[in-house]
Each structure stands twice: as structure tokens, then as C-alpha cells.
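Residues per chain, in single letters:
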Amino acid sequence: MEKIVVDKEKCIGCGLCVHSHPEYLVFDEMGQADPVDKEVAPEDKMDILETVEHCPTEAIKVEQE
Ligand code: SF4
């Protein structure tokens, strides 16, 4: 099962991923991206990988669990 993972050491809270994929990510109390515990649907994967490419700090990725 594939899920989104965010490295909180790197995330600057720009909001790109949260606004692009609100069903997968929310802001935590520190204003950083926080993945909800949701499996990446096959139809969403390409869009999410594009966001992974555009994260300014390379803080987000998709990982196999
Ligand atoms: S795109 Fe990257 S830096 Fe911006 S909120 Fe998402 S994980 Fe954080």
C-alpha cells in the first residue's frame, strides 16, 4: 500500500501539497503539511507525484508501506 510521507524537518508549510490534495493532506498545529492516513488511489498517483516534484524543499514523497 502506498502512502504520502512528509519530512517535518524539511517542510516549510508553503501549502502547495495541502491545497492540491486536501483529501490526503492537512496542516498540523505548526502549519506544516500532515498526511492523513490514506492509501494513494491509483487515479491520484500521477497528480501526487507531480506535487512531489514541485515541493520546494523536497519534503514530501510517496512510500510503499
Ligand atoms: S509542498 Fe512541501 S514544503 Fe510545501 S507544505 Fe507540502 S511538504 Fe511542505
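Because the structure is predicted, anything quoted here is derived from the model rather than measured. (Residues numbered from 1 in each chain as written. Predicted model: local features only at pLDDT ≥ 70, side-chain atom pairs only at ≥ 80, totals over all residues. Heavy atoms only, no water.)

(A) Quick peek at the nonpolar core. Grouped together as the largest cluster of nonpolar side chains are 16 residues, with contacts concentrated most on Ile-4, Val-6, Tyr-24, Leu-25, Ala-33, Ile-48 and Ile-60. Of all elements in the fold, only β1 (2-6), α1 (16-20), α2 (45-54) and β4 (60-64) reach the threshold of two or more residues within this core. (Core = buried A, V, L, I, M, F, W, Y, C linked by side-chain atoms within 4.5 Å. Buried < 20%, exposed > 50% of the residue type's maximum accessible area, 1.4 Å probe, protein only. Helix = DSSP H or I, 4+ residues; strand = E, 2+ residues; numbered from the N terminus.)

(B) Summary view of the pattern of salt bridges. Within the structure shown, the criterion is met by 6 salt bridges. The partner of Lys-45 in a salt bridge is Glu-2, with the nearest N and O atoms 3.1 Å apart. In this pair, Lys-45 sits in helix α2 while Glu-2 sits in strand β1, placing the two residues 43 residues apart along the sequence. Given the relative accessible area of 26%, Lys-45 is considered partly exposed. (Salt bridge = Lys/Arg side-chain N within 4 Å of Asp/Glu carboxyl O.)

Distances and angles like these do not, on their own, reveal function.
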